[in-house]
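Each chain, letter by letter, is given below.
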Amino acid sequence: MDPDVVIVRGVTRWFCRIAALCAILQGRKLVIYDQEDAKPRPWSGTWMRRAVFGWLGIPHFTSRLPSNPGTAGAGNAMPLPFGSPFAPIQIAKLHGRPLHWPPRILMVAKYRERKGHSLLLRALASLSASRPFSLTFCGEEATQSDTAFCQALGKEAQALGLADRLRFQNNMAHDGMISVYADHDILILPSRTEPAAVSPIEAAWAGCAVLMSRDSGTRHYLPAGPEFDFDPDDPQDIARAVAGLIARPEDLQLARDACFARISSVANDGAILRLFETFGPDAVRPREVMG
């Protein structure tokens, strides 16, 4: 290959460092694209790395959106959001689709402790006596560890009185995920320290209301305010956020519309194209790009 532009995902892994070094030595245009804060704390490791590369004339972009857009400075990165994963005709069909009632809640995540499945069960158990809902866990069940994790969640749901409300929908191909989102009203991701959660973005494009951890890397793809986030370590705070959506159909509809409006404004094709156009002709029209 003879690329004009080399895009490296961060420089914290050796593979990416080697790719960046090769690009520099060969005199190719290097772009660094990471999943860290757009405006990190001054003098932090992220800030220092970006400042050094900026001094070398190497641009830094991030998939995260800042909470308060402003002028870029040393140590900051230009936000370049993830775009829509679905075709416009699919989005048009999904936006405005009828609500399910009782509401259908979805969690899409790997079966790992830090994703927060158990915390979500505990939060929903506190609402089950007064609120109708169903819950779907969607993930990859590829190993014995995954299967054991699912079995443990099933037992926990049984102990919490949620067994009849929980189902598993595992090992879905990505091209089938749009139908999974379309079959649900709310996506919740209580994952801790998630650098760039993609399922909330997909769900918002598919017309779901989305709740996610306050510290998630893609939190600002959603509307501002505590109605759309929570402390992932606090089941009561998760329950608070969920209760605000499932009390009345009209509340859930407003939340769905707000999430779709926000994702449409910050990550639509036109907005992303305009960002690319600000990068200059070398970055806009590469013959070949490698990551």
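The structure presented is a predicted model; accordingly, all values stated were derived computationally and were not measured. Per-chain numbering applies: the sequence of each chain, read as written, is numbered from 1 onward. It should be noted that, the model being predicted, local features are given only for residues of pLDDT at least 70 and side-chain atom pairs only at 80 or more, the latter also being counted only at that level, while totals for whole chains, interfaces and linings use all residues. Each side-chain value is derived from all of the structure's non-hydrogen atoms; neither hydrogens nor water enter the calculation.

This part is about the sheet that holds strand E10 (residues 229–230). Two strands are said to pair when DSSP picks up at least two bridges between them. For helices the rule is a DSSP run of H or I covering at least 4 residues; for strands it is a run of E covering at least 2, with both sets numbered from the N terminus onward. Read from one edge to the other, the open sheet built from six strands follows the order E7-E6-E5-E8-E9-E10, with strand pairing classed as parallel. With partners counted over all chains shown, the strands left at the sheet margins are strand E7 (166–168) and E10, one partner each. Pairing between strand E9 (residues 209–213) and E10: two bridges, direction parallel. Bridge pairing links Met 212 to Asp 229 in E10. Whether two residues are in contact is decided by their heavy atoms: any pair within 4.5 Å suffices. To get an axis, fit a line to the C-alpha atoms, keeping to the stretch in contact for a helix; angles then go from 0 to 180 degrees between the N-to-C directions. Strands strand E6 (134–138) and E7 of the sheet are contacted by helix H5 (residues 144–159), whose axis makes an angle of about 170° with E7. Of the strands in this sheet, strand E8 (186–189) and E9 are in contact with helix H9 (residues 249–266), which crosses E9 at around 75°.

Glancing now at the environment of Thr 193. Locating Thr 193 in the fold gives a position in the loop between E8 and helix H7 (199–205). Each C-alpha atom, one on Thr 193 and one on Leu 254, is 28 Å from the other, the two residues being 61 residues apart in sequence. Contacts of Thr 193, omitting those with residues within four sequence positions, involve Arg 114 and Asp 215.

All right, on to the packing of aromatic side chains then. Stacked, edge-to-face and tilted labels apply to pairs of Phe, Tyr and Trp rings (six-membered ring for Trp) whose centres lie within 6.5 Å, assigned for plane angles under 30 degrees, over 60, and everything in between, in that order. One pass over the full model with this rule turns up seven aromatic pairs. Taking 4.6 Å as the distance between ring centres and 45° as the angle between the ring planes, the aromatic pair formed by Trp 43 and Trp 47 counts as tilted. Here the term buried applies to any residue with accessible area under 20% of the maximum for its type, exposed to any over 50%, and partly exposed to those in between, with areas from a 1.4 Å probe on protein chains only. In this structure Trp 43 comes out as exposed when scored by relative accessible area, which is 65%. Trp 47 sits in the buried class, given a relative accessible area of 13%.

Attention shifts here to the layout of surface pockets. Empty space within the largest pocket amounts to approximately 550 Å³. If you go around the largest pocket, you meet 21 residues; those closest to its centre are Val 108, Ala 109, Lys 110, Lys 115 and Ser 199. Breaking the lining of the largest pocket down by element, the ones donating at least two residues are helix H6 (177–182) and H7. By the convention adopted, Pro, Cys, Tyr, Trp, Phe, Met, Ile, Leu, Val and Ala count as nonpolar, Lys, Arg, Asp and Glu as charged, and the other residues, Gly among them, as polar. Of the residues belonging to the lining of the largest pocket, the class tally is 10 nonpolar, four polar and seven charged. Buried and open spaces are told apart on a 1 Å grid over the protein atoms alone, a cavity being a set of points where a 1.4 Å probe fits but cannot get out and a pocket being an open set with protein on both sides within 12 Å along at least five of seven lines. Residues with an atom within 4 Å of a point are the lining residues. Grid points are joined across faces, edges and corners, and a volume is the space filled by probe spheres set on the points.

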